[in-house]
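# Report on the structure
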Amino acid sequence: MELTFGDVEETALIPLAIKASETARPNPRIIDRKAKEIIDTLGVDVSKYDPFLSHEGVVARTILFRNELKRLIAEYPDALCINLGCGFDDKFSQVDNGKILWIDVDLPDQIEKRRKVYRERCRMLEGSALEAEWTKNLPKRAMNIIVMEGVLEYFRKDQVNICLHMLCDSFEHGYLLAELHSKFLEKHGKNHDAVRYTNATFGLGTDSGAEYLELEHRMQLISETSYNDEMKKYSIRAKIFAIIGKNINNRLAVFQW
């Protein structure tokens, strides 16, 4: 692996560090060997990106996204699946049924770095969540499943608007699995236990995914699940946070059009 510390953006270090440390535990709830390999290769101290609440949140979202993807892929086994804004995410290995067409999409510099790490059946494609050019020559499938984990939370309202229109214009039918965050986090993101160590700022926050429907009327909100629902299964601290931070934690929202 030819990665150096400068190849990995700070926001990408958060899920990588957490997935790596969880994988190394005696009884891991998620296993991401590629994340551990990347962190081990970088050889730097990333403990500051792995505080308790962020750790539990990343574990929870990994489980929730994986389970929802598996459910949809079971229903649409020949779907076109796109991990939009993929970074170094290894979601494909968690859900591959041997039949889906999986495409990892990100900006050119990120895809260049990703190619140093991954050699899989899936394809990698340069593209932006705010432009449709990369969608024009994709194979046609009856159903399209778009994953946007850790992406839309950094978009302004106008960028979310552009992205949702682009998806509905580019794919006749589809599902969008999106990570959403709260209005509280939008205002107080500088206090986030892990993101505060980066230069990132949170974008549009919502009280409900239903607010996205005001931006793109072709979409329907199918479900919305707080990460609290998964986190509270594992520790007293997470149960307490689920009570006092009931409407603060991030959510997995599933949209259909």
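A short tour of the structure in this document, coming up. Fair warning: this is a prediction, and the values are worked out from it, not measured in the lab. (Residues numbered from 1 in each chain as written. Predicted model: local features only at pLDDT ≥ 70, side-chain atom pairs only at ≥ 80, totals over all residues. Heavy atoms only, no water.)

Glancing now at the overall build of the chain. Helix and strand counts for the chain stand at 10 helices and seven strands. Against the globule reference of 18 Å for 257 residues, the chain gives a C-alpha radius of gyration of 17 Å, in line with a compact fold. By principal-axis analysis of the C-alpha atoms, the chain measures approximately 45 × 40 × 35 Å. In the chain, which comprises 257 residues, the proportion classed as buried is 54%. Across the chain, contacts joining residues at least 24 apart in sequence account for 71% of those joining residues at least 6 apart. Here the chain has roughly 12000 Å² of accessible surface; of this, 49% comes from carbon and sulfur atoms. (Helix = DSSP H or I, 4+ residues; strand = E, 2+ residues; numbered from the N terminus. Rg over C-alpha atoms; globule rule 2.2 N^0.38 Å. Buried < 20%, exposed > 50% of the residue type's maximum accessible area, 1.4 Å probe, protein only. Contact = heavy atoms within 4.5 Å. Areas by Shrake-Rupley, 256 points an atom, 1.4 Å probe, with all protein chains shown as cover.)

Quick look at the pattern of salt bridges now. A side chain with one charge can pair with a side chain of the opposite charge if their charged atoms come near. The final tally for this structure, using the stated rule, is 22 salt bridges. R29 serves as the salt-bridge partner of E56, at 2.8 Å between the closest nitrogen and oxygen. Of this pair, E56 sits in helix α3 (residues 52-75) while R29 sits in the loop between α1 (10-23) and α2 (33-42), and the two are 27 residues apart along the sequence. The residue K36 makes a salt bridge to D40 at a minimum N-O spacing of 2.9 Å. Residue K36 and its partner D40 are both found in helix α2; the two are separated by four residues, about one turn of the helix. (Salt bridge = Lys/Arg side-chain N within 4 Å of Asp/Glu carboxyl O.)

Below, the discussion takes up the environment of T11. Counting through the fold element by element, T11 comes out in helix α1. Separated by 112 residues in the primary sequence, T11 and R123 have C-alpha atoms spaced 23 Å apart. With near-sequence residues (within four places) excluded, T11 lies in contact with Y154, T198 and A200.

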